[in-house]
Amino acid sequence: MLLCDNTSFRLITKQLRFTEDSTNIEYIFQNTHNNYSLYELRLKNGTNSNQLQRINALIEKYLQKSFETPDNSYPHVFEICSSTVFGFFSRNTSVSLENINALLLSHLEVYDNSDYICFLSVLEQHRQQGLATQLLNKFINRAISSGRSQITLHVNTKNTNALSLYFKCGLRCIQFIENFYFGDRIYPTQDAFALALKLTSVKNSTAVCQSSAAISTSFQDELLHKQICEV
């Protein structure tokens, strides 16, 4: 049974695939994790300017809340970072942009066929549930199935929680960038590490983020990683 009012949908079956009228976003059910449901979000053709404005506003609101940065702006975020989007939703709430619990937004770098993670965040009250790990695992597997060359991202050098997750999932430091986050005062520094995961190094995609044996990093890449990240 599916309960709906054109804008509100509840997960009753694992085969759900529907479009939210107010945003023209299609939600494609992926799997469940604990008390959460994972969906892929895709913008359908024919989206009008009002729908796109609503999408950007809702995602900006979510990012401000999840990063605890109410004064930061994230303009045109969905237009820039929507090549692959995954979101978690509590299974006892309606599935819509207004109820995101965890979100991953990415951008396709056409020049080298890589996927760049723009944002990966979890609302404070939904942390420690493994949602970020699940999002990253799903994203890496999607990149592999799409024939991408690598995964890349930037992270603040003092964001130890994020660094721990990324290292666990096989990403390695490839560059240190001073003052990358100019003006951002979330952390005591604005410096960043550029991280990358060469997808040819993934030996067991289902075990990514779960087992260190899932990825085989070359000696040269591991050495560079240690020199840059000082780990």
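Residues numbered from 1 in each chain as written. Predicted model: local features only at pLDDT ≥ 70, side-chain atom pairs only at ≥ 80, totals over all residues. Heavy atoms only, no water.

(A) Representation of the packing of helix H3 (residues 131–145) against helix H4 (residues 160–168) within the structure. H4 packs onto H3 with a crossing angle of 40° between their chain directions and a minimal axis gap of 11 Å. As judged from the angle between their axes, H3 and H4 are oblique. Between H3 and H4 the crossing geometry is right-handed. Residues Ala-132, Thr-133 and Leu-136 of H3 touch H4, and the partners they reach there are Leu-165, Tyr-166 and Lys-168. A breakdown of the residues in the contact of H3 with H4 according to their chemical character gives four nonpolar, one polar and one charged. (Axes fitted to C-alpha atoms, helices over the stretch in contact; angles between N-to-C directions. Helix = DSSP H or I, 4+ residues; strand = E, 2+ residues; numbered from the N terminus. Parallel < 35°, antiparallel > 145°, perpendicular 65-115°, else oblique. Left-handed = near helix turned anticlockwise from the far one by under 90°. Contact = heavy atoms within 4.5 Å. Nonpolar A, V, L, I, M, F, W, Y, C, P; charged D, E, K, R; others polar.)

(B) Region of interest: the layout of surface pockets. The volume enclosed by the largest pocket comes to roughly 1,300 Å³. Lining the largest pocket are 40 residues, and of these Phe-67, Leu-120, Ser-121, Asn-159 and Ala-162 lie nearest its centre. When contributions to the lining of the largest pocket are tallied by element, the ones reaching two or more residues are helix H2 (77–80), strand E6 (114–122), H3, strand E7 (150–156) and H4. Broken down by element, the lining of the largest pocket gets its largest block of residues, seven residues, from E6. Looking at the lining of the largest pocket residue by residue, the class counts come to 23 nonpolar, 13 polar and four charged. Approximately 220 Å³ is the volume found for the second largest pocket. Around the second largest pocket sit Leu-58, Lys-61, Tyr-62, Lys-65, Thr-93, Leu-97, Glu-98, Asn-99, Ile-100, Asn-101 and Leu-123, which together line it. Of the residues assigned to the lining of the second largest pocket, the class counts are five nonpolar, three polar and three charged. (1 Å grid on protein atoms, 1.4 Å probe; cavity = no way out; pocket = protein on both sides within 12 Å on 5 of 7 lines; lining within 4 Å. Points joined across faces, edges and corners; volume = space filled by probe spheres on them.)

(C) Structural context of the nonpolar core. Counting 39 residues, the largest nonpolar core has Leu-136, Ile-151, Tyr-166, Leu-171 and Leu-195 as the members making the most contacts within it. At seven residues, the largest contribution of residues to this core is made by H3. Residues contacting Ile-151, with those up to four places away along its chain left out, are Asp-115, Ile-117, Phe-139, Ile-140, Ala-143, Leu-171, Leu-195, Ala-196, Leu-197 and Leu-199. Among the nonpolar cores identified, the runner-up in size contains 26 residues, and Tyr-74, Val-77, Val-95 and Leu-103 belong to it. (Core = buried A, V, L, I, M, F, W, Y, C linked by side-chain atoms within 4.5 Å. Buried < 20%, exposed > 50% of the residue type's maximum accessible area, 1.4 Å probe, protein only.)

(D) Region of the structure containing the side chain of Asn-24. For Asn-24, the location among the structural elements is in the loop between strand E1 (17–20) and strand E2 (25–33). A distance of 3.0 Å separates polar atoms of two side chains, one belonging to Asn-24 and the other to Thr-47. Once you skip the residues sitting within four places of it in the chain, Asn-24 turns out to touch Thr-19, Arg-42, Leu-43, Lys-44, Asn-45, Gly-46, Thr-47 and Gln-51. (Polar contact = N/O pair within 3.5 Å; in protein donor to acceptor, adjacent residues only side chain to side chain.)

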